[in-house]
Amino acid sequence: MTPTRLPRFHPLLPWSRLRPLSKASESLPPSPAVPAMSDRPSRQPSALPTATDSPNHPSDGAAGPLTAAQIQETVYNYLIELVQTHAPEYVLDEFYRLFLGHQGAVNQQALHAIYQLIFLNDRDAFHVAIKRTCYILINNWISRRYGKFIYHLIDLFDQAKTANLSHSVSHSVSLNRLREWVHEFIQSDDFEELKLFAARHEIEPTEDVSQTLTQWTPPVAERATKAVSKAPAQPEPHWSSRYVGQLLVAQSADPDNPKEQREAAAIYARQWRERFKFDLAMYMAKSQSLRIDRRQLQNPTNLGDRVLKIVKSIVLRTGNHSYVSLANLFLQQTQGLQFSGYKKSLLKYLILENVQDRTIQLIRQKLQAKLDDIFPDRYQHALSDWLHQQTCRELIEFLTTEDLKSPSRLFLLILSNGSALTLAIFLLKLVLICPSTRSHLDLCIARLVKYYEQFDEQDCRWVVYFFDIFNVTFAIHTENVRYNLVPIDDEAANGSAEDATASDLSEERYDLQLRRSMESPKLDRYRLFLQTAASTQLPSTGDLFEEPVPPSDPSDG
């Protein structure tokens with residue numbers, strides 16, 4: 001039987017009209033009534049229901065207490081049905097009553113399941129349950145374009161945190177334990193990852209976030225915070241929040257995360273990349289117009305007004321052949337080679353032999369030594385897709401983070417010598433010849449962001465500058481927006497030059513080669529011309545960013 005859907009919430013309708021659950025929920029056998037937690041002295045809890053008492057457990061005659069996994073499944077099944085058959089406002093209120101308000105939930109079976117975790121004193125099981133439940137709601141809301149309710153979900157935790165601070169220690173051991181667990185979850189890395197889904201640029205552009213946050217507040221939360229003074233203003237977002245795309249990729253690639261979290265993170269990572277690409281193209285197109293007030297433009301980067309000239313320098317750096325053309329040429333010329341010949345060609349592809357810069361020469365030596373160490377026993381083997389992919393992955397890690405925790409020595413060497421763009425180009429070349437490594441590269445960048453977020457932005461400005469250059473470089477060369485330089489007349493060139501030199505490049509010491517190219521007078525003789533495919537548009541929330549399946553090692557049989 002198809003469950004009936006409740007009407008959407010309307011602020012003029014009484015809340016009691018939203019109370020009935022679907023018929024499917026009403027048909028479930030009622031669980032033992034459990035009184036709401038209170039501040040009265042707690043009594044000895046009754047025995048937990050046995051496995052045969054559970055409607056989801058097969059009746060095989062074996063009796064015993066429910067496991068934590070079975071208890072969690074009871075909560076998951078209820079929330080999955082609820083989010084698929086009821087309005088988001090109703091789901092949020094029930095979520096608050098189950099996990100944060102600790103009383104008044106409509107479904108006594110789900111509420112009793114949470115109490116069982118408390119009686120078992122299984123902190124980790126509760127932590128997993130509340131985390132996965134959040135992503136069950138997020139995934140379903142994304143698919144139904146209810147993304148704004150993710151903001152309300154995060155806001156519920158903020159309200160619960162404020163409300164718990166106002167409460168004194170309870171006489172109820174269970175209530176104190178539950179409050180402590182909720183507080184620990186709010187302070188955990190899992191909650192910080194959850195907040196990434198409420199980043200401002202991830203909502204649909206037609207939605208007004210400032211309005212959605214004030215349209216609805218669950219009655220339970222409202223009563224809980226009624227006597228509490230207004231919460232202090234939110235602090236300035238940490239600088240690492242500007243790299244949400246890479247951080248979400250890291251979530252989607254972590255096998256320890258629940259399936260719902262990995263799927264939601266993959267969707268939002270793809271959306272973030274598409275949004276950044278679109279916003280950068282729009283900014284580049286509008287910033288070259290003399291009729292536009294530059295102060296009204298939304299710069300998606302953190303490179304200031306000089307980003308236009310930086311982009312011109314990056315595009316001009318490609319010369320007569322684009323990086324895509326060079327990548328295709330490399331792949332053609334290495335077909336049929338032995339692995340030893342492939343590695344020699346790969347080094348020449350990454351670094352031209354006629355470059356005499358001392359830093360580049362040192363980097364070449366480091367890369368040569370690394371290539372010699374990659375599968376030395378397969379020196380005479382024919383090149384395979386697996387060898388090609390594994391070599392590119394190892395070079396990406398060698399250039400970024402070899403332990404997926406801290407920066408590699410070569411990463412520090414390149415950036416300390418003022419070669420941020422050079423490093424970005426190395427990584428770009430590797431991804432262009434092996435696109436399946438893009439997700440792994442984003443994972444490495446995310447690990448670097450997580451490592452450096454312990455520092456203030458001013459203390460690691462050089463690496464923040466690299467993250468910005470990395471995003472711009474990949475938006476220019478790996479997406480379906482083509483950036484071309486078109487010659488213009490002298491009069492227009494003078495105007496462009498004046499705009500380009502209006503601000504000082506404070507990061508010039510972080511990228512010496514880029515600074516020299518930006519000082520070239522040739523840049524003032526060109527305008528950026530952008531071409532976009534006719535079908536280019538932001539992806540729907542149903543699109544998944546799936547990482548390609550790596551080829552298997554032929555030697556494994």
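Source: prediction; values computed, not measured.

Caption draft 1: The overall build of the protein, seen in detail. For the protein, the count of helices and strands is 23 helices and two strands. Within the span of the protein, comprising 557 residues, buried residues form 49% of the whole. Counting only contacts in the protein whose residues sit at least 6 apart along the sequence, the fraction spanning at least 24 positions is 78%. As displayed, the protein offers around 27,900 Å² of accessible surface, 50% of which is attributable to carbon and sulfur atoms.

Caption draft 2: Expanded view of unusual backbone geometry. The phi angle at N121 is positive, at roughly 60 degrees, despite the residue not being glycine. One can find N121 in the loop between α4 (108-120) and α5 (123-143).

Caption draft 3: Main features of the packing of helix α15 (residues 339-350) against helix α19 (residues 420-433). The N-to-C vectors of α15 and α19 enclose an angle of 130 degrees; their axes lie 10 Å apart at closest approach. Considered as vectors, α15 and α19 are oriented oblique to each other. Contacts between α15 and α19 involve L346, Y349 and L350 from the former and F426, K429, L430, L432 and I433 from the latter.

Caption draft 4: Quick peek at helix α14 (residues 323-333). Among the residues of α14, those classed as buried are Y323, A327 and F330. Take α14 and look down its axis: the buried residues cluster within an arc of 60 degrees, on one side only. α14 presents Q332 and Q333 as exposed residues on the side facing more than 90 degrees away from its buried surface. Those residues of α14 hidden inside the fold are in contact with α15, α19 and α21 (461-477).

Caption draft 5: Quick look at the packing of aromatic side chains. In this structure the tally under the stated criterion is 27 aromatic pairs. Among the aromatic residues, those joined into a cluster by ring pairs are F95, F99, F126, F157, W181, F185 and F191. Stacked on the ring of Y76, the Lys or Arg R132 has its end atom at 4.6 Å from the ring centre. The side chain of R378 reaches across the aromatic face of F375, ending 5.4 Å from its centre.

Caption draft 6: Quick look at the packing of α19 against α21. Taken N-terminus to C-terminus, the directions of α19 and α21 make an angle of 40 degrees; their axes are 9 Å apart at the nearest point. Judged by the inter-axis angle, α19 sits oblique to α21. Here α19 runs over α21; the crossing is right-handed. Residues A420, L421, L423, A424, I425, L427, L428, V431 and L432 of α19 lie in contact with α21, whose contacting residues are Y465, F466, I469, F470, T473, F474 and H477. Of the residues that constitute the contact of α19 with α21, the class distribution is 14 nonpolar, two polar and no charged.

Caption draft 7: Quick look at the nonpolar core. Core analysis: the largest hydrophobic core is formed by 146 residues, its most contacted members being F157, F466 and Y483. Looking at which element gives the most residues to this core, the answer is α19, with twelve residues. Excluding residues within four positions of it along the chain, F466 makes contact with F411, L415, A420, L423, A424, L427 and I445.

Caption draft 8: Representation of the pattern of salt bridges. This model, assessed by the stated rule, comprises 14 salt bridges. Linked by salt bridges that have partners in common, R123, E180 and E184 make up one network.

Caption draft 9: View of the environment of E180. Here E180 shows up in helix α7 (residues 173-186). By relative accessible area, which is 40% here, E180 ends up partly exposed. For E180 and R123, which are 57 residues apart along the polypeptide, the C-alpha to C-alpha distance reads 9.7 Å.

Definitions and limits used
Residues numbered from 1 in each chain as written. Predicted model: local features only at pLDDT ≥ 70, side-chain atom pairs only at ≥ 80, totals over all residues. Heavy atoms only, no water. Helix = DSSP H or I, 4+ residues; strand = E, 2+ residues; numbered from the N terminus. Buried < 20%, exposed > 50% of the residue type's maximum accessible area, 1.4 Å probe, protein only. Contact = heavy atoms within 4.5 Å. Areas by Shrake-Rupley, 256 points an atom, 1.4 Å probe, with all protein chains shown as cover. Axes fitted to C-alpha atoms, helices over the stretch in contact; angles between N-to-C directions. Parallel < 35°, antiparallel > 145°, perpendicular 65-115°, else oblique. Arc of directions from axis to C-beta. Phe/Tyr/Trp six-rings, centres within 6.5 Å; stacked < 30°, edge-to-face > 60°. Lys NZ or Arg CZ within 6 Å of the ring centre and 35° of its normal. Left-handed = near helix turned anticlockwise from the far one by under 90°. Nonpolar A, V, L, I, M, F, W, Y, C, P; charged D, E, K, R; others polar. Core = buried A, V, L, I, M, F, W, Y, C linked by side-chain atoms within 4.5 Å. Salt bridge = Lys/Arg side-chain N within 4 Å of Asp/Glu carboxyl O.

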